[in-house]
Structure formats: structure tokens, C-alpha cells
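Observations on chain architecture
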Amino acid sequence: MQFPPLVSALALLMLSQVGVIERVETADIERNVSVGLVPPYSTFHNRGYQARVSLTLQSRGSNILRSTRFVHRQMFKTLSPTAILNALCNQFLPANVAAIIYINNKEHYGRNTASSQYFLQLARYLGIPVIAWNADNSGLDQEQGTKQSSLRLELAPSIHHQAAAMLSILQRYNWHGFAIVTSQIAGYDEFTRAVRDTALELQEEFKFSILNTIIVRESKDLEELANSEARIMLLYCTKDEAREIMHKAHSLHITGKNYVWIVTQSVIGSDLETVAADFPIGMLGLHFETSSMEVMKQIGRALEVFIRGAELFFKAYNHSKLSPQLSCEGHGEVRWDHGELFYRHLLNVSFRLDEVPDYLAFNSDGTVKSAQLKIMNLRRGNSAKQWEEIGTWRADQADQLNIKDIVWPGLSHVPPEGVPEKFHLKILFLEESPYVILGMPDPITGKCSANRGVLCRIAPEADIEGMNLTVAQRNSSLYQCCSGFCIDLLEKFAKDLIFTYDLVRVDDGKWGTIENGSWTGLVSALMNRKGDMVITSFNINSDRESVIDFSVPFLETGTTILVAKRTGIISPTAFLEPFDTASWTLVAFVAIHATALTIFLFEWLSPSGYNMKTVAPRDHKFSLFRTYWLVWAILFQAAVHTDCPRGLTARFMASMWALFAVVFLAIYTANLAAFMITREEFHELKGIDDERMRSPYQFEPPFRAGTVLHTNTEMVLREHKPQQFRYILRYPVHNVQEGVKMIKTGELDAFLYDATVLQYMVAQDDDCEILTVGAWYGMTGYGVGFRRGSKYLDQFNEKLMQYKDNGYIERLQRFWLTGACKPQKQHKRASEPLALEQFLSAFLLLGCGILLACAILACEHCYFKHIRKQLAKTDRGGCCALISLNMGKSLTFRGAVYEAQDIIKYHRCRDPICDTHLLKVKRELDVARLRIRELEHQLGDPGLAPSARFLASVRRDQRAPVARRPEWGLPSAVRHHMYTQQSAEFIRPHPDSYAAHRVQQRPASVEIAELETVL
């Protein structure tokens, strides 16, 4: 396969040993350095190329390159892959070239670029660095962002430089939005990527917006650009392709005074005076010199870079050689190992120049830092259009752009705005709060105030035909003020997209449904081209989308149900409603019984209580039923007499129950207030599939539901719920306001319509008498309607997405769709019974009290069995009584005596002999007490006072209540047997004689001591 001439006249000129072999007597090291040169094919300029190389070597005066010998060879006019490969294998590799200088000033593109790319890729594969200056650098990307280097230095301005220069022009004239137009020229994707990357880098200081990216394969592809709002075009293609593109653009009227085309070097070319007829005056372009003189200059500059790079390499690696030793025959290396290292030294080369730009250096990707481009302007010359230089762009300067006067499109002296000129739209609407709200204009001026919205026509066009517009606008029956959510959104659209509009109400006042096989309302008006677009609460559904276009939804909605709240009466069981059934059951049948049984059990187990006996202690009035009385009294905090337990554990358990009662009553009282007020009742429907909606006749009276006809709700119900729809047709409603009124008056039980509209009506209701219930059905959204294939659709979609992202739609929603009544919260106003888990902590408290009481019971038994005996020996002063009276009593001797008396008095024997003996002992005790009194009198007569201990003991006995003697309840025979007649007659009637008789028998002191011992 033979390639065509390389850019019509390119040959491969190789200077093998340039092309040189140099011998240096430095440190006895001989260095041979070779470089290959690929200049443009030209028989006339071959001598000039060789002369430029020789002049550069002589003027350089390098310590490394002192003598040079050239071998000049003329190469082929045509190149094929085989020819390129043979040139590398037979010419460059045998000469051991350390680098290749590739110079090309031809701009024919196409296959020429493919040949160049193939040659450079082979050099890269071999590891040989390339120093290039290529006017046709469209397809020769530097492969930015890849790990492997391209091994190429580019002296000419790259595609990235041209993209940056174009965006600098846009930034200078404050043009934010633009379109990218390319052909399928080699490297078109690289150009698009370069523009995007550069715009992203500048995003912080200037916000760019790429409105369209169009690849022109056919002339009709530009029709998309005609429908776009882009007014600034960046064109990248060949010169021939630009002629066809601009011819089509001219026919589409996108080359006028409001359109600016900025083109690359590939469109302008080297011939600045030959311009296509369809190129509009005022075009801007980028250009750099590609003449033969420039080629000579760039050859010398490339050779200078090579020499300086070799010097840097030898300084760093003194004993190394720049000799690849590669071969295509298989006996040499396949890739030069030091090629990457030598390339990095070439990349570090920088030196000053004697011209503009004044220095040469490279970026990390191999592109030149000081790239310079000329800014060209297409003007009308003496006889024809021609490109004229009006400024420059420098990549290495802060103020990169320097531009003089420009002739703008349409021969204007001021730049265009760069945005679409105003266009006019006829916009249709239908009122519905809060999206479009009608209000009266000023009766004098006929205009709307700032807070009343914009003027809109509500009458048919036939009614105002022939009337003066100013007079008509003052007539409120023809024009009114429109405001609301959608009007604010429309104003935002008009400001951002720069258009004017007329707002007109649809003639038939219908939303748009199919009646008798044809569309009505808003849909029909769009289809019949009576308007350009529709903006209101316009529901998107599949039937409408089949005949008109919709924007992306700006708000979600669905179908919901509106019901009325009605005031009920207080329930007879309202006092039970603070808690649910489970809670009452747990309190009444578990907590109360468990607490009562626990308190009595602890009292029975306590040593201070029953002490696990079946008979209650003396003066202890406490039983199981009295425990229940105590529990109920504590629970309801009743001021009644109750008996308290004696045991510490039982008392603690009663305290824990009292704490539970406090918590329980606090919760009950707080929640009871909500149930004792008048309750609100309403039909709590689950949704459109509720039983009352599906089978209304099963209820008495039948459940009544209605909706507005000729709306999206009707279309949804007709298609998806035909059974409910047939019943709903019995209760037709003309508009939303009428439906709300019928709900309040009781004419309807439920009203079905758009959810967001009904929520707004609920929020704005003064008396908060209505609310929405149930789940939404048939989820959809509101969108802006357009005629099928409208050119404005994409613009509005893009703006809507921006408004959603920046929160503008949300701000409108908060402003227009809120009110005093909250539809989502009203159904929660009615109180609900408290479930068990809502006050479970009170029962946990009671359970913890039972466990702690068990621990206290164990401590009480431990005290009486083990600790009491030891404590009685140490507590001589009765200090424990300060802590507990029962504890102090249990530790004293007197307490032991009382305990023994209780045992004697209340002990019951199981046989009569034991009872008789016990009664005898008690009788003797009573006789002893009487004898003690007699002895007191006898001791007092002669002046002998008894001991203080004795008197104190006797007085305590006298103050003690006389217990009912057990023998009093016995038969008289038994009592007579116990008291002998002799003893009774002597003691009772003659106590003095009996005392004297006893004194004579034994001394009083001895008898007193005996009595004290017994007691």
C-alpha cells in the first residue's frame, strides 16, 4: 500500500551522522553522536536545510561537538508504512541516531496525519526521542495523563494551546456559553477534550458552559445548532470542510451579527488572502507562521535543543554514550534503554532567544511553554475578504491576550452579547391555586402591582379583536393579574432565557382529555398551534405525552383524598382510654395482685411480723385482705385508715408500690385530659383502594365521593379504577373550590384530586376543618408542555435542572405550598391510648423493688439469727434504739421479758393438762404482784423505803395494761379448782392480816430479792 505525498510534497530527508560523528579528545573518551532530520520535501530548500544545520553547529561552539561531517540524502516523495519502516531500519538505526528532528509545515491533514503518527509511534516504540515542529499537529496528541512518556518535544503550538487561546477570548468578552463544532478531522476528539479540560481548570475564576458539541458528518447535523441558544461557536476542521460547514450555517441563519465563529489554525491555513465566500465578516481565528523561513528557523532551534540536551546528558553521565545500537535484523537491541533518560535531559533544556518569544522551555508533557499564537480577524480588504492580525496570545504570560480593534459580525464595532436575542412566546395557562392565581389589576392603570403578578388575558381572542389594547387591559373581564408558583417560575425562565411572552387562558377552560375521540383544553390548543407552551399545574401522563412534549417534572404529585373533620362527643369510656387494654390488664390483674401478695409474704416471713407463724403477734392487725386494702389505697391515694405492716421488708415493698403509683397516676392524669375534650372525627381512608371507595353501597348511608371532570384525576381513574370512576361520576364537581365546599357542608364524604393542590387547600383553610388522608395514587409530576418537536424544550429542561440543583424550586415550594394548618400533621392531633411499652419503666421500677425487698428480708433474718446476740453484748447504752425502736427493744432485757410474757399470755397448749399447768403459773404470778404491793406498804410504815430499781419495776407493771386473764373464759369449776377457798378468803377480805402473817414467817428483804429474781 502506497501513501500519497506527505502533505503534498513531504519527503524523508535523513542526515545520517548529522548527522554527525564527532570525536572529542576529552579524558581519552571518543564520543559519536548522531541525529536524524526529517524536513518537509522540497528540492529547492534542501540546500537551505543543510546550510541551517551547519550554521547552527558552527555558531553553537560546543565543547562536546567540535567537528561535524554531513552526509545528505534525498528521500522518497511518497510514503507507505513499508517505506517508513525501511527508512528507519536502513537509514536511522544503522547510523545510531540518538534523536530525530521532525519538521513539517504542510497543512493538508487527512492521511498525512496518519503517516506522521505512524512514524512517530515507531520512533517511540524504539525508544528514540523526537524533537518536532509540526503544523499539522491535530492528531499528534501528547498523551497527557498516561504513565508512559510520548518521548516527543513539540515546538509548535499544540491543540491545547489553541483551545486555551479560544477560551481566553471568551473570557475577555464575558461569553459564558458556547458550542463546539468539529468535523471528523484527525484529533477532533482531542480538541474537544482540550476545551473541556481547560474550561474546567478556569472554572473557579470564570464559569464556562458548553451548550452543544456537534460533530458534522452531514450538513443536516448543523440543524441542532440552529435550535440551540449558543451564539459563540468554536470550529475545528480542515479548510475545505469549513467551506461546507459555513455554507450550511449561512443557510440556517447562524452567521449573522449575533453569532461569533472562532476557528483554529487548520481552518485559516497558510494562505491568509484566500477566503471562502461563505465565511462571515467578523470571524476570529488563531494562526502561527508556517512559511519556509519559519521551517529554517525551527530546524536550527530543534538542533540547538538536541545539542544542549546532549551536553546535559554527558555532564551527568560522563562515561556514557548516546549510541542506541538498535537493529531491525534481530542482532541488536529492540528498544533503546537510555532513550527515556536522554529524553528527560532534553525536557530540561531551556535557553534565551533573540526574538519573540524570548526564551524556550518545555512543560512536563513536552509542549513548549512559550507558545505564541496570532489572533486573526476576517475583514473586507480592497478587493476581497482577508485575515488580518489584531493581537497575540502568549501561554507564558499572566495577561495572555493582547487584542486591538476588532470588526465584529455585521460590521459592528461592539461585541455581541454572546447570548440569544429575545424571542417571543405565547404561553397558555389555566388557573389553579397556588400555581396560577387570578387577581384584579389596578382599575385606573390596568396594570398589576409587584405582588400581584403579571397581566394575563382571560377572555377568548375573539372578544378583544379590534379593541384598543390599552383599553382592553383595563377591563377586568378581559385581563386580570396572574400570580403563583408557576408565574414566579415563568418570570425566572424569561429572565434567564431572555424572552418575552403573552400569557393567555385557554379558551374552553379545560385541562385536556379525550372527548369523542379528540383532545380538548390545553392539549388541543398546543396541537393546533394556538400557543407555544403551557405552564400551570399540568400533569404529565402517557396519553398526553403521545401527542405533545413535556419538560422534566418540576414538582411531584399524585391523587389523594380530601375529607372533613367533624366534632364528636366525649366517649362514655373516656376515663379508660388513656391506656390500652393490655396496659389495664397488666395493672389490674398482675401488678396489684403481685404487689399485695408480695407485701403480705414479706410480712409473714419477717421476724418483726408473723415470723412464719399462722397466728398474728399481739396487737398486730394485718392480714391478706388488709394488704389489698393498703395496695388500693396507695394506688388511688385515698385518705382512708389503713393498717401498716411491721416488717421492714414489707414496708419497703409498700414504699416501692407508692412510687409506682405516683408514676402511674401522673401518666394517667396527663393523658386523660386529651380524652376528656371534644374529639375530632373523620373518615380515615387508607387510600383509593379503601373498602368504602370500592364498595360504597355496603355502608349506610352509602359513601359519597367525587372529583373534577376533564382533569388528570379523571383520566387516571377512568383507565385504572373503572369501577370507582363509574360511581364517582354520580357526584360531579366543577372545580376544586366547589369540591372543598361540598366536603365542608357534608354533601360529599370524600373528594379526589391532585395531592399538592389539596394539601395547599388544607394549609390555607381558616378553620382547619379539612385534611387529606390515605396514600397517594398514580404518582406523576407537573411539567411545562410544548408542541411536538419544539426547539425550546432543551433550553427549558436545562434551566429546570439548574433550578432544582441550586434550590430555587424548593424555595418556591416553601413559599407557595405552606400555610397555617399542616395537612400532614392534623390526623395526629387525636390522642391515642398509651401502649404498654410507653410506660414500661414504671413496671420495671416495681420489679426492681420486689428484688430489693427480697434482699432486705434476707438481711432481717440474718440479723435475728446471728447479729442480734453479738450486738446485745456491745450496745449497753441502747444507741441502736436511735436508729430503730424495734432493734433497740430486741437488744434489752426488758424486751426479753416482754417477749416471754407474750409467749406465756398468748401460748395455746394442745392438751388440757398443759393448759391447767399454765393457768396455775399465771395465778402464781398474779399473787406475786399483789404480794409486792403489800410489801411496799409494810416497808413504808417503819420508814424503810424499797430500792429504786424495785419501785421502777413495780410502777411499770402497774402502768402496763392488765391483760384479760385466760382463765376468765374457762368454766367455773376450773376456776374454783384454781383458787382455793382458804387463799381467796384470806387474801381478798383481809389483805393486812395476810401481810402480817407473811412477815412473821420470813424477812421482807429476802422475799423482795426472791421476787426480783423471778421477775
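Residues numbered from 1 in each chain as written. Predicted model: local features only at pLDDT ≥ 70, side-chain atom pairs only at ≥ 80, totals over all residues. Heavy atoms only, no water.

**Considerations on the overall build of the protein chain**
Helices and strands together make up the secondary structure of the protein chain, namely 34 helices and 33 strands. Residues counted as buried form 48% of the 1015 residues belonging to the protein chain. Across the protein chain, contacts joining residues at least 24 apart in sequence account for 74% of those joining residues at least 6 apart. Of the roughly 51900 Å² that the protein chain leaves accessible, carbon and sulfur atoms contribute 53%. (Helix = DSSP H or I, 4+ residues; strand = E, 2+ residues; numbered from the N terminus. Buried < 20%, exposed > 50% of the residue type's maximum accessible area, 1.4 Å probe, protein only. Contact = heavy atoms within 4.5 Å. Areas by Shrake-Rupley, 256 points an atom, 1.4 Å probe, with all protein chains shown as cover.)

**A look at the pairing of strand E2 (residues 34-38)**
Note on strand geometry: in a regular strand, side chains alternate between the two faces of the sheet. Burial analysis of E2 places 5 of its 5 residues in the buried class, the great majority of the element. What you see with E2 is no split at all: Ser34, Gly36 and Val38 on one side and Val35 and Leu37 on the other are buried throughout. Two elements, E2 and strand E4 (residues 97-104), share 5 bridges in a ladder whose sense is parallel. Residue pairing in the sheet places Gly36 in a bridge with Ile100 of E4. (Pairing = 2+ DSSP bridges.)

**Quick look at the sheet that holds strand E32 (residues 770-782)**
Taken together, 5 strands build an open sheet; the order of strands is E30-E29-E31-E26-E32 and the sheet is mixed. Each edge of the open sheet is held by one strand with a lone partner, namely strand E30 (732-733) and E32. Bridging between strand E29 (residues 705-708) and strand E31 (residues 750-754) involves 3 bridges; their strand directions are parallel. Its bridge partner lying in E31, Thr707 is registered against Leu752. Against the sheet, helix H22 (residues 755-764) touches strand E26 (555-564), E31 and E32, its axis set at about 150° to E32. (Axes fitted to C-alpha atoms, helices over the stretch in contact; angles between N-to-C directions.)

**Details of the side chain of Arg505**
Tracing the sequence through the fold places Arg505 in strand E21 (residues 499-505). In terms of polar contacts, Arg505 uses its side chain to reach the side chain of Glu431, at 2.7 Å. Excluding its chain neighbours within four sequence positions, the residues that come into contact with Arg505 are Phe429, Leu430, Glu431, Arg457 and Ile458. (Polar contact = N/O pair within 3.5 Å; in protein donor to acceptor, adjacent residues only side chain to side chain.)

**Structural notes on the sheet that holds E2**
Pairing in this open sheet of 4 strands is parallel, and the strands run E2-E4-E5-E6 from one edge to the other. Looking at the sheet topology across the chains shown, the edges are occupied by E2 and strand E6 (152-154). The mean angle between the axes of side-by-side strands here comes to 20°, regardless of whether they run parallel or antiparallel. Where E4 and strand E5 (residues 130-134) come together, 5 bridges link them in parallel fashion. Paired with Ile101 across the strands is Ile131, a residue of E5. On top of the sheet, helix H9 (residues 292-316) reaches E2, E4, E5 and E6; it is set at about 160° to E4, its chief contact.

**Digging into the state of the cysteines**
By definition, a disulfide links the sulfur atoms of two cysteine residues through a covalent bond. Tallied over the full model, the rule gives 3 disulfides. Residue pairing for Cys448: its cysteine sulfur links by disulfide to Cys481, the two sulfurs lying 1.9 Å apart. Because the sign of the S-S torsion sets the handedness, a value of about -105° for the bond joining Cys448 and Cys481 places this disulfide among the left-handed ones. Linking Cys448 in the loop between strand E18 (437-439) and strand E19 (454-457) with Cys481 in strand E20 (residues 479-483), this pair joins segments that are 33 residues apart in sequence. No difference in accessibility class separates Cys448 from Cys481, as the two residues are buried. For Cys456, the disulfide goes to Cys482, at an S-S distance of 2.0 Å. Given an S-S torsion of about 80°, the disulfide between Cys456 and Cys482 has right-handed geometry. Taken together, the positions of Cys456 in strand E19 and Cys482 in strand E20 put the pair 26 residues apart, joining distant regions of the chain. This pair shows no difference in class: Cys456 is buried, exactly as Cys482 is. (Disulfide = S-S within 2.5 Å.)

**Examining the packing of aromatic side chains**
Applying the stated criterion across every chain, the model contains 35 aromatic pairs. Measuring from centroid to centroid gives 4.9 Å for Tyr173 and Trp408, while their planes differ by 85°, and the two rings are edge-to-face. Taken together, the residues Tyr173 in the loop between helix H4 (159-172) and strand E7 (177-182) and Trp408 in the loop between strand E16 (401-403) and strand E17 (423-429) connect sequence positions 235 residues apart. On the basis of an interplanar angle of 85° and a centroid distance of 5.0 Å, the ring pair of Phe815 and Trp816 is categorised as edge-to-face. Residue classification places Phe815 among the exposed positions, given a relative accessible area of 60%. Across the ring face of Tyr808, the terminal group of Lys492 is positioned such that the distance to the ring centre comes to 5.4 Å. (Phe/Tyr/Trp six-rings, centres within 6.5 Å; stacked < 30°, edge-to-face > 60°. Lys NZ or Arg CZ within 6 Å of the ring centre and 35° of its normal.)

**What to know about the nonpolar core**
Formed by 95 residues in total, the largest nonpolar core has its most connected members in Ile100, Phe306 and Phe342. At 11 residues, the largest contribution of residues to this core is made by H9. Residues contacting Ile100, with those up to four places away along its chain left out, are Gly36, Val38, Leu88, Phe92, Phe119, Ala123, Ile128, Pro129, Val130 and Ile131. (Core = buried A, V, L, I, M, F, W, Y, C linked by side-chain atoms within 4.5 Å.)

**Some details on the pattern of salt bridges**
Taken as a whole and assessed by the stated rule, the structure comprises 23 salt bridges. The closest approach of N and O atoms between Glu154 and Arg152, which form a salt bridge, is 2.7 Å. Each member of the pair Glu154 and Arg152 is classed as buried. Close ionic contact of Lys426 with Glu461 constitutes a salt bridge, the shortest N to O distance being 3.7 Å. Taken together, the residues span a long stretch of sequence, with Lys426 in strand E17 and Glu461 in the loop between E19 and helix H11 (469-473) at a distance of 35 residues. (Salt bridge = Lys/Arg side-chain N within 4 Å of Asp/Glu carboxyl O.)

**With respect to the environment of Val263**
Residue placement: Val263 occurs in strand E10 (residues 260-263). Of the residues examined, Val263 reaches a relative accessible area of 0% and is grouped as buried. Among residues more than four places away in sequence, those in contact with Val263 are Met166, Leu235, Ile268, Met283, Leu284, Gly285, Leu286 and Trp387.

**Examining the packing of H9 against helix H10 (residues 339-347)**
Two numbers describe how H9 lies on H10: the axes approach to 8 Å, and their chain directions differ by 115°. As for how H9 packs across H10, the hand of that crossing is right-handed. Here Val305, Phe306, Gly309, Ala310, Leu312, Phe313 and Ala316 of H9 come into contact with H10, specifically with Leu341, Phe342, His345 and Leu346. Considering only residue class, the contact of H9 with H10 consists of 9 nonpolar, 2 polar and no charged. (Left-handed = near helix turned anticlockwise from the far one by under 90°. Nonpolar A, V, L, I, M, F, W, Y, C, P; charged D, E, K, R; others polar.)

**Thoughts on a nonpolar patch on the surface**
Residues Leu601, Trp604 and Met612 make up a contiguous nonpolar surface patch of roughly 270 Å² in combined accessible area. Relative to the elements of secondary structure, Trp604 occurs in helix H15 (residues 581-605). Under the relative-accessibility criterion, Trp604 is labelled partly exposed at 31%. (Patch = residues over 30% accessible without salt bridge, like charges linked within 9 Å, V, L, I, M, F, W, Y side chains within 5 Å.)

**Details of H4**
For H4, with 14 residues, the first-to-last C-alpha span of 20 Å sits near the 20 Å given by 1.5 Å per residue. Counting buried residues in H4 gives 12 out of 14 residues, a clear majority hidden from the surface. Those residues of H4 not exposed but buried are Ile159, His160, His161, Gln162, Ala163, Ala164, Ala165, Met166, Leu167, Ser168, Ile169 and Leu170. Downstream of H4 by one or two residues, Asn174 has phi in the positive range, about 60°. (Expected span 1.5 Å × (residues − 1).)

**Here's the deal with the confidence of the model for the protein chain**
Per-residue confidence for the protein chain gives a mean pLDDT of 78; residues scoring 70 or more make up 77%. A low-confidence stretch, residues 1-29 (pLDDT under 50), is modelled with 113 contacts involving residues beyond four sequence positions or located in other chains. (pLDDT = per-residue confidence, 0-100.)

**A few points about unusual backbone geometry**
In this structure, Pro434 follows Ser433 across a cis peptide bond, with omega equal to 0°. Summarising the element assignment, Pro434 is placed in the loop between E17 and E18. Phi at Asn174 takes a positive value of approximately 60°, unusual for a residue other than glycine. Structurally, the position occupied by Asn174 is in the loop between H4 and E7. Here Asn516, not a glycine, exhibits a phi torsion of approximately 55°, which is positive. By the element assignment, Asn516 lies in the loop between strand E22 (514-515) and strand E23 (518-519). What makes Asn516 exposed here is its relative accessible area of 84%.

**Some points on the environment of Gln637**
In this structure, Gln637 sits in the loop between helix H16 (624-635) and helix H17 (648-676). As a C-alpha pair, Gln637 and Ala658 span 21 residues in sequence and 8.7 Å in three-dimensional space. Discounting chain neighbours no more than four positions away, the residues touching Gln637 are Val662 and Leu665.

**Thoughts on the packing of H15 against H16**
Where H15 meets H16, the closest approach of the two axes is 9 Å, and the angle between their N-to-C directions is 130°. The pairing of H15 with H16 is recorded here as oblique in orientation. Along this stretch, H15 crosses H16, giving a crossing that reads as right-handed. Two secondary-structure elements touch here, H15 through Ile592, His593, Thr595, Ala596, Leu597, Ile599 and Phe600 and H16 through Leu624, Thr627, Tyr628, Val631, Trp632 and Leu635. Classifying every residue of the contact of H15 with H16 gives 10 nonpolar, 3 polar and no charged. (Parallel < 35°, antiparallel > 145°, perpendicular 65-115°, else oblique.)

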